Amino acid sequence: MATLDQCRAALDRLAQNLSSADGNVRSATALDRSLSCRITDLDVTFLGRLSHGSVQEVTSVPGPPPHKAEIRLSMAGDDLVALVDGKLNFAKAWGSGRVKLEAGLRDLLRLRTLL
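We now turn to the structure provided with this report. Because the structure is a prediction, the values reported are computed rather than measured.

Procedures and definitions
- Residues numbered from 1 in each chain as written.
- Predicted model: local features only at pLDDT ≥ 70, side-chain atom pairs only at ≥ 80, totals over all residues.
- Heavy atoms only, no water.
- Salt bridge = Lys/Arg side-chain N within 4 Å of Asp/Glu carboxyl O.
- Helix = DSSP H or I, 4+ residues; strand = E, 2+ residues; numbered from the N terminus.
- Buried < 20%, exposed > 50% of the residue type's maximum accessible area, 1.4 Å probe, protein only.
- Contact = heavy atoms within 4.5 Å.
- Pairing = 2+ DSSP bridges.
- Axes fitted to C-alpha atoms, helices over the stretch in contact; angles between N-to-C directions.
- Core = buried A, V, L, I, M, F, W, Y, C linked by side-chain atoms within 4.5 Å.
- Polar contact = N/O pair within 3.5 Å; in protein donor to acceptor, adjacent residues only side chain to side chain.
- Disulfide = S-S within 2.5 Å.

What the rule picks out here adds up to six salt bridges. Linking Asp-85 and Arg-13 is a salt bridge whose minimum nitrogen-to-oxygen distance equals 2.8 Å. A residue pair is termed long-range when its members are at least 10 positions apart, and Asp-85 in the loop between α3 (77–84) and α4 (90–96) and Arg-13 in helix α1 (residues 4–19) qualify at 72 residues. Judged by its relative accessible area of 37%, Asp-85 is partly exposed. By relative accessible area, which is 31% here, Arg-13 ends up partly exposed.

Below, the structure written as C-alpha cells:
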C-alpha cells in the first residue's frame, strides 16, 4: 500500500509533468479549475487547483473532500503512484472502476487528450 508521502510525491511529479508539457496536453490543462484527489485506502483527500497548465496550491485533508471540486478523482494510493509512473493505463483503470473521474462535460471533453 502506498504511503501518504509516496502519494504526495506522485502528485508533485504529475504537477511537474503537466507544467513542462506542450501541444495537446498543454492546451488540455489550460483550465482554471479546483481539483480533488481522494485516496480511498489512506482516507485522505488532496486538494489543489489546475491553473495555467499546472497543479498548484496542493494541500491534504483527512477523510472525504470538504467541498465539491470541479474536477474530482478517486483511487487507491497504489493506483495513483502506478498512473504517474506510467505503469497503469488511465483509460483501462477508469473503465474498470479502479479510478473514478467526475467533472463537467466540457472539462471531460478537454481532458480526454490526457486520458
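From this point, the discussion proceeds with the structure in view.
Among the secondary structure elements, Asp-79 is positioned in helix α3. The class for Asp-79 is buried, based on a relative accessible area of 10%. Excluding its chain neighbours within four sequence positions, the residues that come into contact with Asp-79 are Leu-88 and Arg-98.

So, about the sheet that holds strand β5 (residues 100–103). Note on sheets: strands pair through backbone hydrogen bonds, and any given pair is parallel or antiparallel. The strand order β3-β2-β1-β4-β5 describes an open sheet built from five strands, whose pairing is mixed. Edge positions in the sheet fall to β3 (54–62) and β5, since each has one partner strand and no second. For this sheet, the mean inter-axis angle between neighbouring strands, taken without regard to orientation, is 15°. Together, β1 (32–39) and β4 (71–75) form the strand contacts of α3, whose direction differs from that of β4 by roughly 110°.

Counting residues in hydrophobic clusters, the biggest one holds 27 residues, and the most contacted among them are Ile-39, Phe-46, Ile-71, Met-75 and Leu-80. Elements that contribute at least two residues to this core include exactly α1, β1, β2 (44–51), β4, α3, α4 and β5. For this core, the element with the most residues is α3, which contributes five residues.

The next point concerns the environment of Glu-70. Checked against the element boundaries, Glu-70 lands in the loop between β3 and β4. Overall, Glu-70 belongs to the partly exposed group, its relative accessible area being 35%. Sequence-distant contacts of Glu-70, that is, excluding residues within four places in its chain, are made with Asp-32, Arg-33, Ser-34, Arg-49, Glu-102, Ala-103, Gly-104 and Asp-107. Within polar-contact distance, the side chain of Glu-70 engages the backbone nitrogen of Ser-34 at 2.8 Å.

Time to look at the state of the cysteines. Enumeration over the complete set of coordinates arrives at zero disulfides. In this structure Cys-7 is a free cysteine whose sulfur lies 7.7 Å from that of Cys-37, the closest cysteine sulfur available. Assessed through its relative accessible area of 0%, Cys-7 is described here as buried.

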